[in-house]
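Examining the three-dimensional arrangement
This is what each chain is made of:
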Amino acid sequence: MHRELSQSGVSEQIAGVLKNLGDNYSAMGQYSDAEVYYKQSSAMYRKLSQNGVSEDIACTLHNLAYNYGVMGQYSDAEEYYKQSLAMCRVFSQSGVSEDVAHVLNNLGFIYIAMFQYSDSEVNFRHELSMFIDLSLFGVS
Amino acid sequence: MLHSLAYNYKTMAQYSDAEIYYKQALAMYRDLSPDSHRQTIALILDTLGDISEAANRNRQARKYYKQALSLYGQAEPASPLSITAIKDKLESLKTRKTTRCAIL
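Residues numbered from 1 in each chain as written. Chains lettered and ligands numbered in written order. Predicted model: local features only at pLDDT ≥ 70, side-chain atom pairs only at ≥ 80, totals over all residues.

Secondary structure summary: chain A contains 7 helices and 0 strands in total. Counting from the amino terminus, chain A carries its helices and strands in the arrangement α-α-α-α-α-α-α. Here chain A holds 140 residues, and 40% of them are scored as buried. Restricting to contacts in chain A with at least 6 residues of sequence separation, those with at least 24 account for 52%. (Helix = DSSP H or I, 4+ residues; strand = E, 2+ residues; numbered from the N terminus. Buried ≥ 20, exposed ≤ 12 C-beta atoms within 10 Å, placed from the backbone. Contact = placed C-beta atoms within 7 Å.)

Right, dumping it as structure tokens:
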């Protein structure tokens, strides 16, 4: 099974490396590159998952949403935070978990950012660093 | 933390969405482990205060700001800037008159 998966270029390890590349590019400010890697990573995690749901997918979608937020693409950020939120709820106890709380908090901020920082990445990043809790998913 | 939240119908719709998610996050953080999320909870209360103020719900805004102030006071490391900012907000609420009718 593993050999089959790796031969087709799909494995947990590769998906993890792609996500890390996304994190690194995002941290360096190369958001378009980060977006590509996050999308490849989440697609691969989906292939490996049952029913397209896993904690790894939730994490990658969260980081993709964050990346869109920094890029000023708030509608995309909203969309992916919502997908991540739904998935985090699946893995929580009755919908309550640290992960769910983090994503709710970050999603709330996106609606404020939608008009507050329409053309100001600098301000967005400044406020973001105070508002958004990044400790969970390892984005720095 | 967010200054002078502007008021119009489009932004109020977005604030309503923000408020919905912040309230859920707040309840969950309080439920889970309020002590280890003190700073985050204070920021959420601060923001809910801003949203309430923008919607002319001044009494509610004051309630949120006071709760946030209390938590900022307990935060480690201390956040004197946040404390000053929220004291200013509470002060300006005292003189603020409700001039617009908010529809949410």
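The next thing to look at is the overall build of chain B. A tally of regular secondary structure across chain B gives 4 helices and 0 strands. The N-to-C order of helical and strand elements in chain B reads α-α-α-α. Within chain B, buried positions represent 36% of all 104 residues.

Once that is clear, we can look at the interface of chain B and chain A. Taken together, the contact between chain B and chain A spans 19 residues of the former and 16 residues of the latter. Looking at side-chain class alone, the side of chain B that touches chain A contains 12 nonpolar, 5 polar and 2 charged residues. (Nonpolar A, V, L, I, M, F, W, Y, C, P; charged D, E, K, R; others polar.)

All names here are of chain A. For helix α5 (residues 74-90), spanning 17 residues, the distance from its first C-alpha to its last is 24 Å, which sits close to the expected 24 Å at 1.5 Å a residue. Along α5, the positions that sit buried rather than exposed are Y74, A77, Y80, Y81, S84, L85, M87 and C88. Residues of α5 that are buried in the fold lie against α4 (55-71) and α6 (98-116). (Expected span 1.5 Å × (residues − 1).)

Turning to the packing of helix α3 (residues 31-48) of chain A against α4(A), a few remarks are in order. Geometry of a packed helix pair, given as the angle between the helix axes and the separation of the axes. All names here are of chain A. At a minimum axis distance of 9 Å, the contact between α3 and α4 shows a crossing angle of 160°. Between α3 and α4, the angle is such that the two are roughly antiparallel. By crossing handedness, the relation of α3 to α4 is classed as left-handed. Across the interface between the two elements, Y31, A34, E35, Y38, K39, S41, S42, Y45 and R46 from α3 touch D56, I57, T60, L61, N63, L64, N67, V70 and M71 from α4. (Axes fitted to C-alpha atoms, helices over the stretch in contact; angles between N-to-C directions. Parallel < 35°, antiparallel > 145°, perpendicular 65-115°, else oblique. Left-handed = near helix turned anticlockwise from the far one by under 90°.)

Another aspect to go through is α6(A). Along its 19 residues, α6(A) runs 27 Å from first to last C-alpha, staying within 8% of the 27 Å computed at 1.5 Å per residue. With 16 of 19 residues buried, α6(A) lies mostly within the body of the structure.

Before going further, it helps to spend a moment on the nonpolar core. Counting 59 residues, the largest nonpolar core has A:L104, A:I110, B:A25 and B:A68 as the members making the most contacts within it. When contributions to this core are tallied by element, the ones reaching two or more residues are α2 (12-27), α3, α4, α5 and α6 of chain A together with α1 (9-32), α2 (38-54) and α3 (58-74) of chain B. The residues contacting A:L104, other than those within four sequence positions of it, are A:L85, B:Y21, B:Q24, B:A25 and B:M28. (Core = buried A, V, L, I, M, F, W, Y, C linked by C-beta atoms within 7 Å.)

Right, let's talk about the environment of A:H102 for a bit. All names here are of chain A. Examined against the element boundaries, H102 turns out to sit in helix α6. On the basis of neighbour counts, which here come to 25 C-beta atoms within 10 Å, the residue H102 falls in the buried class. Distance from H102 to I57, taken between C-alpha atoms, is 16 Å for residues 45 residues apart in sequence.

Residue and element names in this part refer to chain A. Among the secondary structure elements, V53 is positioned in the loop between α3 and α4. Spatially, the C-alpha atoms of V53 and L21 are 22 Å apart, while their sequence positions differ by 32 residues. When residues no more than four places from it in sequence are discounted, the contact partners of V53 are M87 and V90.

Attention now goes to the environment of A:D99. Within the secondary structure, A:D99 is located in helix α6. Separated by 58 residues in sequence, A:D99 and A:S41 place their C-alpha atoms 20 Å apart.

A word on the confidence of the model for chain B. All names here are of chain B. When pLDDT is averaged along chain B, the result is 84, and 83% of the positions lie at 70 or above. Ranking the elements of chain B by mean pLDDT puts α1 last, at 88, and α3 first, at 95. For this predicted complex, the interface confidence reaches an ipTM of 0.77, while the overall pTM sits at 0.80. (pLDDT = per-residue confidence, 0-100.)

A few words on the packing of α2(B) against α3(B). Residue and element names in this part refer to chain B. Relative to each other, α2 and α3 sit at 160°, their axes nearing to 8 Å. Between α2 and α3, the angle falls in the class roughly antiparallel. Crossing angle aside, the handedness with which α2 passes α3 is left-handed. Counting all contacts with α2, which are made through R38, I41, A42, L45, D46, L48, G49, S52 and E53, the residues of α3 involved are N58, Q60, A61, Y64, Y65, Q67, A68, L71, Y72 and Q74. When grouped by side-chain class, the residues that make up the contact of α2 with α3 number 10 nonpolar, 6 polar and 3 charged.

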